[in-house]
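Residue-level structural notes
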Amino acid sequence: LNARARPLSAGAPIGVFDSGMGGLTVLAELRRELPQRRFIYLGDTARLPYGTKSASTIVRYALQAAELLVERGVGTLVVACNTASSVALPALRERFDAINIIGVIEPGAAAACAQTRNHHVAVIGTEGTVRGGAYDRAIHAILPDAQVSSLACQLFVALAEEGWVDGAVVEAAVHRYLDTWLAAMPVHPDVLVLGCTHFPVLAHAIAAVAGPGIRLVDSARTTATAVRTLAAQAATLPDAGSQAGLEFLATDGVERFARIGSRFLGEAIADGEVELVEL
Ligand code: DGL
């Protein structure tokens, strides 16, 4: 969690931003932790994926998304997208210094550091997340002697969106990415960070290939726990009267958002519930 994190204001809704629907895995965990809060979720479906884009483009997109959520009155912004968290967090915190901005990298890195015994942490994510190196930096800030091995597993994003979370094709893809990578490491990692919004739905298949010696850290879950801690610190603040609830905003394809998003959220979303917005 960033050093500047403040307790969450009690009344304002919590904004959750992702490149698309994958961040609904983070929203699902947030709702479990904070069922009484109001959330506004924005998926930039018109411009996804972020994972293959350059850092400057991702920063520009993330600033535009945050702008819209701030206009809608959020007091806290959770950047659910690992790629955006990895490259755009400093720019977001600089531009929007009046709101609390929480990314998924720091909580995931902290959980990995707490769980590793041999100080060898493996991280999988998109190309942008791996290239940005934010997990390496966040892990080394806590455990300077840690060895961090990172791998981009871009195809997992497509598999998860297709709803293919097990079976022969998924197993083959997981083997293809992980086998040679893990085998080439002189010291086996004992923690593997799922550094992408989409990967929690593939956790079962990934765990099966990684083997019992490697514990998976789900950055969606660890971020939700971090946000709950901030909310607990705000328990003494006056409640401005917000009500529990969910709003969905998407920049394109509300029907696809509802259909695929239901899978990531773990509950049904109706087309009519998703508002089309322009950034
Ligand atoms: N949300 C992205 C992430 O967590 C995955 C999808 C994308 O590439 O946009 O990195």
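Residues numbered from 1 in each chain as written. Predicted model: local features only at pLDDT ≥ 70, side-chain atom pairs only at ≥ 80, totals over all residues. Heavy atoms only, no water.

A short note on the sheet that holds strand β1 (residues 14-18)
The condition that has to hold: In this scheme, strands are said to pair when DSSP sees at least two bridges between them. Helix numbers and strand numbers start at the N terminus; a helix is a DSSP run of H or I with at least 4 residues, a strand a run of E with at least 2. Lines fitted to C-alpha atoms define the axes here, with helix axes fitted over just the stretch in contact, and angles between the N-to-C directions of these axes take values from 0 to 180 degrees. The contact rule is simple, with two residues in contact once any of their heavy atoms fall within 4.5 Å.
An order of β4-β3-β1-β2-β9-β10 is seen for the 6 strands of this open sheet, with the pairing classed as parallel. Looking at the sheet topology across the chains shown, the edges are occupied by β4 (100-103) and β10 (274-276). Strand after strand, the sheet turns through a mean of 20 degrees between neighbouring axes, direction not considered. Judged from the 4 bridges that link them, β1 and strand β3 (residues 76-79) form a sheet pairing that is parallel. Along β3, the bridge assignment pairs Val 16 with Val 78. Strands β1, β2 (38-43), β3 and β9 (245-250) of the sheet are contacted by helix α1 (residues 24-33), whose axis makes an angle of about 175 degrees with β2. Along the sheet, helix α10 (residues 219-233) makes contact with β3 and β4, crossing β4 at roughly 155 degrees.

Side note on helix α11 (residues 254-265)
Our working definition: Any residue under 20% of the maximum accessible area for its type is buried, any over 50% is exposed, and the rest in between are partly exposed; the area is computed with a 1.4 Å probe on protein chains only.
All buried positions along α11 are accounted for by Phe 257, Ala 258, Ile 260, Gly 261, Ser 262, Phe 264 and Leu 265. The inward-facing, buried residues of α11 abut α1, β2, α7 (155-162), β9 and β10. At the exit of α11 stands Gly 266, carrying a positive phi of roughly 80 degrees.

Let's talk about α10
Here is the rule we go by: What a helix is expected to span follows from its residue count: subtract one and scale by 1.5 Å. Think of a polar contact as two N or O atoms within 3.5 Å of one another; within protein, one of them needs to be a possible hydrogen donor and the other a possible acceptor, and neighboring residues in sequence only count if both atoms come from side chains.
Between its terminal C-alpha atoms α10 stretches 21 Å, which fits the 21 Å expected from 15 residues at 1.5 Å a residue. Where α10 is concerned, the buried positions are Ser 219, Ala 220, Thr 222, Thr 223, Ala 224, Ala 226, Val 227, Leu 230 and Ala 231. Backbone nitrogen of Ala 220 and a side-chain oxygen of the N-cap are separated by 2.8 Å at the start of α10; the cap is Asp 218.

A closer look at the site of the ligand
Rules: Definition of nearness: a residue and a molecule or strand are near each other if at least one heavy atom of the residue lies within 4 Å of the molecule or strand. When residue character is reported, Ala, Val, Leu, Ile, Met, Phe, Trp, Tyr, Cys and Pro are called nonpolar, Asp, Glu, Lys and Arg charged, and the others, Gly included, polar.
Around the ligand sit Asp 18, Ser 19, Pro 49, Tyr 50, Gly 51, Cys 81, Asn 82, Thr 83, Thr 126, Cys 196, Thr 197 and His 198, and those are all the residues in its vicinity. At 3.0 Å, a backbone N or O of Asn 82 approaches an oxygen atom of the ligand. Measuring from a nitrogen atom of the ligand, one finds a side-chain N or O atom of Thr 197 at 2.9 Å. Broken down by class, the residue content of the shell around the ligand amounts to 4 nonpolar, 7 polar and 1 charged.

A word on the pattern of salt bridges
Applied cut-off: Any Lys or Arg side-chain nitrogen located within 4 Å of an Asp or Glu carboxyl oxygen qualifies as a salt bridge.
The tally for this structure, following the rule as stated, stands at 11 salt bridges. Here Arg 221 and Glu 29 are joined by a salt bridge, their closest N and O atoms 3.6 Å apart. With Arg 221 in helix α10 and Glu 29 in helix α1, this pair connects stretches of sequence that are 192 residues apart. The salt bridge involving Arg 256 is made with Glu 161; its shortest N-O contact spans 3.1 Å.

A few points about the side chain of Thr 197
Relative to the elements of secondary structure, Thr 197 occurs in the loop between β7 (191-195) and α9 (203-210). Within the local environment of Thr 197, its side chain forms a polar contact with the side chain of His 198, the two groups lying 2.9 Å apart. When sequence neighbours within four positions are dropped, the list of residues in contact with Thr 197 reads Asp 18, Gly 22, Gly 23, Thr 25, Ala 80, Cys 81 and Asn 82.

Focus on the packing of aromatic side chains
To keep things clear, this is the line we draw: Aromatic rings from Phe, Tyr and Trp, with only the six-membered ring used for Trp, were paired whenever their centres fell within 6.5 Å, and each pair was classed as stacked if the ring planes differed by under 30 degrees, edge-to-face if by over 60, and tilted otherwise. A ring is scored as having a charge over it whenever the NZ atom of a lysine or the CZ atom of an arginine sits within 6 Å of its centre and within 35 degrees of its normal.
What the rule picks out here adds up to 6 aromatic pairs. Measuring from centroid to centroid gives 5.5 Å for Tyr 50 and Tyr 61, while their planes differ by 45 degrees, and the two rings are tilted. Here Tyr 50, found in the loop between β2 and α2 (55-71), pairs with Tyr 61, found in helix α2; they are 11 residues apart in sequence, far enough to count as distant. Accessibility expressed as a relative area gives 1% for Tyr 50, which makes it buried. Seen from their ring centres, Phe 156 and Phe 199 are 5.3 Å apart, and the 75 degrees between their planes marks the pair as edge-to-face. Placement of Phe 156 in helix α7 and of Phe 199 in the loop between β7 and α9 is noted, with a sequence separation of 43 residues between them. Here Phe 156 and Phe 199 have matching classes, each one buried. Ring pairs connect the aromatic residues Phe 17, Tyr 50 and Tyr 61, which therefore count as one cluster. Over the ring of Tyr 61 we find Arg 47; its NZ or CZ atom is 3.7 Å from the centre of that ring.

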